[in-house]
Amino acid sequence: MNRTASVQTFEEFREKESRNSLATAVTEEGSLLEYETLVLRVNPPNVEIDNQSHESETIITVDSANRPGTLVEVVQCLTENNLVVKGAEISSDGGWFVDVFNVTELSGSKVTDSRKLAVIRKVLDIEYDCEKKAQSGTPNDEESGLKCTVFELAGKDRLGLLHAATDLLTSHGLDVRSLAAWTQRGRGAIVIFALEKGKPIQDTLKTEKLRRQLDELLNEKGIVNIKTVTGLPHHERRLHALLLQEVERNWNESQREKGSSRFTALPISSPSHPPRYSSMEPPEVTINYWPRLNYWRVTILCKDRPKLFFDTLCTLSDMNYDVYHASVCDAKIKRAFQDFYVRPRFGDVAFNKEKAAKLEFMLHASINRRFPGGLKVHVLTMDQIGLLAKLTKIFREADMSVTRAKVRTLSNERGMPTNHAIHTFYLVDTNGGKTIPTRADHICKEAGGVRHDALTEDKLPQGILNPKTDNQFYFSIPPQDTIMARFPVGSPLSSAGSM
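Keep in mind that what you see is a predicted model, and the values were worked out from it rather than measured. (Residues numbered from 1 in each chain as written. Predicted model: local features only at pLDDT ≥ 70, side-chain atom pairs only at ≥ 80, totals over all residues. Heavy atoms only, no water.)

**Observations concerning the nonpolar core**
Ranked by size, the top nonpolar core spans 53 residues in total, and within it Phe-101, Phe-309, Val-323 and Phe-340 carry the most contacts. With eight residues, helix H10 (residues 353–368) is the largest single contributor of residues to this core. The contacts of Phe-340, once residues within four sequence positions are left out, are Trp-296, Arg-297, Val-298, Ile-300, Phe-309, Thr-312, Leu-313, Leu-316, Val-323, His-325 and Ala-326. (Core = buried A, V, L, I, M, F, W, Y, C linked by side-chain atoms within 4.5 Å. Buried < 20%, exposed > 50% of the residue type's maximum accessible area, 1.4 Å probe, protein only. Helix = DSSP H or I, 4+ residues; strand = E, 2+ residues; numbered from the N terminus. Contact = heavy atoms within 4.5 Å.)

Shown next as structure tokens:
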């Protein structure tokens, strides 16, 4: 049967090649390298960027020897640079792929930022990580080359879980540099980038102790991964993988409980976790078999939005389906159409209705995952150790659950650190309902908050939080609620510092 020419993923290839400084033709174990690796050395990946051919979009063409995960790597890079994929043509038969992407900035303009263009040109370089370069809304260059300890947690969601996890790390002297957390169907996933005195954890006994304590924290069949990495973690990529494992576990348990191998649809949501399709219709996902070429055809039709292509690709990759051909476009009515021709990476490629039903459900879940419930709240602070644990404690004591969180340090226009951190939370009450803005306002004032109108999610307002003279905290609720607050020195927030 025809399959992807290489079974070695792109991440594995990059890691092994970066250690092979002599570029020898044998592996560390002494066996010969696979043919695709040698081809890539002779013919490295080529990236062309065209800002002339299209009136309003930048056209990016990537061609390279193919291996599992390469397409996700490219789309992930575009996503992390806040670019919108307006259309794409994917072709990867014969062990080589040629992908063409039509992209724009979030504003709808062409991509002209020199830093972003440099990142895209080097997306498949062996010793390059597209998240290592400073860009708008991402951590700064100074941290990007550091080694760090990454904690990946997943398990049953509950009130105060985020606070318990961050408080545990803080109590061990760890500085949380960035964090992202998602929830779905009563399950939660957290990815944390942390340092100990500016370095990853060196003490293996301490690492194992933290692993045991985090296992206990998750109470049941949770996932705890702790590893040292170089550069910044790909939060959303890892969150997709972790939540897919959790949703897949629910799927498998449900099939066993029903005592049948046939497909039984699981609800996308429960009464306490309502569907988050907003005002749009649920996506239409269909999977058919093309026997002549042994392809599974996967089509998706839904309302267009940023990162939609990335979300579906993550699911196909994590479910071990290789994309051979694909076409992506957005219609004038703001509906996106995605058409994939895939095959299972392992096992029989013949069509299987149960596997197709499972893949369809997982694709629904991945698209739905982008719509968190709750009231969106931002907190802008000085970059100090421990503040995140204090913030989450305030929400927990107010009986508010965090359905989604993102924490990062801010950079200025030149990509240099600003000594500030931005925290974004989505809050719901104990019944799963959206937190009322007036209640959030009251909680801000209880903590000593003062309203401020200048704070936005991505930019640091001028004249506030001067690290030399001002040690204040700003709390904001997005424009539709227009409730802003500032926390002065001496408030419950200021006593512990920030991440």
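**Examining the confidence of the model for the protein chain**
Per-residue confidence for the protein chain gives a mean pLDDT of 77; residues scoring 70 or more make up 71%. This model gives residues 481–499 a pLDDT under 50, and the stretch forms 94 contacts once residues within four places in sequence are excluded. (pLDDT = per-residue confidence, 0-100.)

**As for the packing of helix H6 (residues 161–171) against helix H7 (residues 204–218)**
Direction vectors running N to C along H6 and H7 enclose 165°, while the axes themselves pass 11 Å from each other. One way to sum up the angle between H6 and H7 is to call them roughly antiparallel. Of the two elements, H6 crosses H7, and the hand of that crossing is right-handed. Residues Leu-161, Ala-164, Ala-165, Leu-168 and Leu-169 of H6 pack against Leu-210, Gln-213, Leu-214, Leu-217 and Leu-218 of H7. Grouping the amino acids of the contact of H6 with H7 by side-chain chemistry returns nine nonpolar, one polar and no charged. (Axes fitted to C-alpha atoms, helices over the stretch in contact; angles between N-to-C directions. Parallel < 35°, antiparallel > 145°, perpendicular 65-115°, else oblique. Left-handed = near helix turned anticlockwise from the far one by under 90°. Nonpolar A, V, L, I, M, F, W, Y, C, P; charged D, E, K, R; others polar.)

**Details of the side chain of His-234**
Counting through the fold element by element, His-234 comes out in the loop between strand E8 (223–230) and helix H8 (235–257). In this structure the side chain of His-234 is engaged in a polar contact, spanning 3.2 Å, whose partner is the side chain of Gln-76. A distance of 2.7 Å separates the side chain of His-234 from the side chain of Glu-80, its partner in a polar contact. (Polar contact = N/O pair within 3.5 Å; in protein donor to acceptor, adjacent residues only side chain to side chain.)

**Comments concerning the packing of H6 against helix H11 (residues 387–397)**
The contact between H6 and H11 brings their axes to 8 Å, and the two run at 150°. Here H6 lies roughly antiparallel to H11, going by the angle between them. Here H6 runs over H11; the crossing is left-handed. Contacts between H6 and H11 pair Leu-162, His-163, Thr-166, Asp-167 and Thr-170 from the former with Leu-388, Ala-389, Thr-392, Lys-393 and Arg-396 from the latter. By residue class, the composition of the contact of H6 with H11 is three nonpolar, four polar and three charged.

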